[in-house]
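# Residue-level structure breakdown
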Amino acid sequence: MSTQTNTSEATTTGIAIGNWKAGVAGGLAGGLVFGAMMTAMMTNIMEMAIPVMYGIEGPAGVAGWIIHMAHSALVGVVFAALVGVAGLAGASGQKQVAAGIAYGIVLWLVLATFVMPAWVGAMGPMSPPVPDFNPMSGVGHAVYGAVLGGVYYALEAL
């Protein structure tokens, strides 16, 4: 006679995926802080450049904010996935904030410096240079990453 025992243990594949909910929350928190910085210091980006990426002629500050926050949440989820793949799940707050800052700088170098100006130039009358190295944008993206990493750390275990 054989017996079978059922357990509730999940089989793991060896690849952690990160906490996507913490990524969304961190992305939104970072987006809120960075968005406030952009509204105060780079108003034209929030009101004109971001909306025109989606064919919305400006000034359209509300549309810019909505799009910016959607992008912030999306790249927050990507951060969560990278935390899992990089083995940083459960790491210290210092490591996750540092990872967030590094991630924010990569976002600036790739998306804000190359992708966004090319996209804006293709979609509307604005013709930003490609690449467009804007130091204020670099600082804003680093701040976004710091907030993202900190909030991710605080909420990861939930």
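Residues numbered from 1 in each chain as written. Predicted model: local features only at pLDDT ≥ 70, side-chain atom pairs only at ≥ 80, totals over all residues. Heavy atoms only, no water.

### Observations regarding the overall build of the protein chain
Our working definition: Helix and strand labels come from DSSP, where a helix needs a run of H or I of at least four residues and a strand needs a run of E of at least two; each type is numbered from the N terminus. Burial classification: accessible surface area is computed with a 1.4 Å probe over protein chains only, and a residue below 20% of its type maximum counts as buried, one above 50% as exposed, and the rest as partly exposed. Every residue pair with non-hydrogen atoms within 4.5 Å of one another is taken to be in contact. Here, Shrake-Rupley sampling with a 1.4 Å probe gives the accessible areas, and only protein chains in the shown set may cover a residue.
Along its length, the protein chain carries five helices and zero strands. Reading the protein chain from its N end, one meets helices and strands in the order α-α-α-α-α. Buried positions account for 37% of the 158 residues belonging to the protein chain. Sequence separation of at least 24 residues holds for 72% of the intrachain contacts in the protein chain that already meet a minimum separation of 6. Total accessible area on the protein chain is roughly 8,800 Å²; 69% of this is exposed by carbon and sulfur atoms.

### Description of the packing of helix α3 (residues 61-85) against helix α5 (residues 135-155)
Geometry of a packed helix pair, given as the angle between the helix axes and the separation of the axes. The condition is simple: Axis definition: a line fitted to C-alpha atoms, over the contacting stretch in the case of helices. Angles run 0 to 180 degrees between N-to-C directions. Throughout, the term roughly parallel applies to angles under 35 degrees, roughly antiparallel to angles over 145, roughly perpendicular to angles from 65 to 115, and oblique to all others. Crossing chirality is assigned from the near helix's rotation relative to the far helix, an anticlockwise turn below a right angle marking it left-handed and a clockwise turn marking it right-handed.
Look at α3 against α5: their axes get within 11 Å of each other, and the N-to-C directions meet at 60°. Classed by the angle they form, the pair α3 and α5 counts as oblique. In the packing of α3 onto α5, the handedness of the crossing is right-handed. Within the contact between the two elements, α3 uses S72, V75, G76, F79, A80 and V83 and α5 uses Y144, L148, G149 and Y152.

### Focus: α5
Here is the rule: Multiplying 1.5 Å by the helix residue count minus one yields the expected span of that helix. Distance and chemistry together define a polar contact, namely a pair of N or O atoms within 3.5 Å, with one atom able to donate a hydrogen and the other to accept it when in protein, and with adjacent residues in sequence counting only for side-chain atoms on both sides.
Its 21 residues place the ends of α5 30 Å apart at the C-alpha level, agreeing with the 30 Å of an ideal helix rising 1.5 Å per residue. Taken together, the buried positions of α5 are occupied by S137, G138, G140, H141, A142, Y144, G145, L148, G149 and Y152. In the core, the buried residues of α5 are packed alongside α1 (20-41), α3 and α4 (93-123). Between the side-chain oxygen at the start of α5 and the backbone nitrogen of M136 there is a gap of 2.9 Å, and the oxygen is on N134.

### A few points about the environment of A102
By secondary structure assignment, the location of A102 is in helix α4. A102 gets classed as partly exposed once you look at its relative accessible area, which sits at 41%. For the pair formed by A102 and H141, sequence separation is 39 residues and the distance between their alpha carbons is 9.5 Å.

### Regarding the packing of helix α2 (residues 43-52) against α3
The contact between α2 and α3 brings their axes to 7 Å, and the two run at 65°. What the angle tells us is that α2 and α3 run roughly perpendicular. Crossing handedness for the pair α2 and α3: left-handed. Residues M46, E47, I50 and P51 of α2 pack against G61, A63, G64, W65, I67 and H68 of α3.

### Topic: the confidence of the model for the protein chain
The following threshold applies: Residue-level confidence of the predictor is summarised by pLDDT, bounded by 0 at the bottom and 100 at the top.
Residues at a pLDDT of 70 or more form 90% of the protein chain, whose mean pLDDT is 91. A low-confidence stretch, residues 7-12 (pLDDT under 50), is modelled with zero contacts involving residues beyond four sequence positions or located in other chains.

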